[in-house]
Amino acid sequence: MAISLSVVLLLAIILVVMIRGGSIKTGPAIVAALLGFFLASSGMAPTIQNFLDSVARSINSINF
C-alpha cells in the first residue's frame, strides 16, 4: 500500500510539472488520468499491479 501511494504521488507531481512546463496540455492530461482510472477498474488491474510490484521488488533488491 505504501508503494502504490508513493507511486501515485510521484506520478501526480510529474503530471503537474509537465502541465505547468507546457510538455503536456490539460486536455491530454485529463484523458490520461481517466484512462488510468478506468484501467484500474478493469480486468487488467491485477496484472498491472503484479508487474509494478515485481518492478518495485527488483529496484529494492539493487545494492548500491
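Within each chain, residues carry numbers counting from 1 in the order of the written sequence. The model is predicted, so local features are restricted to residues of pLDDT at least 70 and side-chain atom pairs to those at 80 or more, both for listing and for counting; the totals for chains, interfaces and linings are taken over all residues. The side-chain numbers reported here are obtained from all heavy atoms of the structure, hydrogens and water having been left aside.

**Describing the overall build of the protein**
Part 1 of the argument: Secondary structure elements follow DSSP: runs of H or I of four or more residues count as helices, runs of E of two or more count as strands, with numbering from the N terminus. The secondary structure content of the protein amounts to 3 helices and 0 strands.
Part 2 of the argument: Starting at the N terminus and walking to the C terminus, you meet the elements of the protein as α-α-α.
Part 3 of the argument: Whereas a compact globule of 64 residues would reach a radius of gyration of roughly 11 Å, the protein reaches 14 Å, over 25% beyond that.
Part 4 of the argument: Projected onto its principal axes, the C-alpha coordinates of the protein cover approximately 35 × 35 × 15 Å.
Part 5 of the argument: Of the roughly 5500 Å² that the protein leaves accessible, carbon and sulfur atoms contribute 75%. The reference for a compact globule is 2.2 Å times residues^0.38; the radius of gyration itself is calculated from the C-alpha atoms. With residues, only the protein chains shown are counted as cover, and all accessible areas are computed by Shrake-Rupley using a 1.4 Å probe.

**Describing the packing of aromatic side chains**
Part 1 of the argument: Pairs were defined over the aromatic rings of Phe, Tyr and Trp, the Trp ring being its six-membered one, requiring ring centres within 6.5 Å. Orientation was assigned from the angle between planes: stacked under 30 degrees, edge-to-face over 60, tilted for the rest. Tallied over the full model, the rule gives 1 aromatic pair.
Part 2 of the argument: When the centroid spacing of 5.3 Å and the interplanar angle of 75 degrees are considered together, the rings of Phe37 and Phe38 count as edge-to-face. Of the two residues, Phe37 and Phe38, both sit in the exposed class. Buried residues are those whose accessible area, probed at 1.4 Å on protein chains only, stays under 20% of the maximum for their type, while exposed residues exceed 50% and partly exposed ones sit between those limits.

**Points about the confidence of the model for the protein**
Part 1 of the argument: How sure the predictor is of each residue is captured by pLDDT, a score from 0 to 100. In this model, the protein carries a mean pLDDT of 83, and residues with pLDDT of at least 70 account for 92%.
Part 2 of the argument: Averaged pLDDT values over the elements of the protein bottom out at 78 in helix H1 (residues 2-21) and peak at 88 in helix H3 (residues 45-60).

**Some details on the environment of Ser54**
Part 1 of the argument: Tracing the backbone shows Ser54 in helix H3.
Part 2 of the argument: For Ser54 and Gly43, which are 11 residues apart along the polypeptide, the C-alpha to C-alpha distance reads 19 Å.

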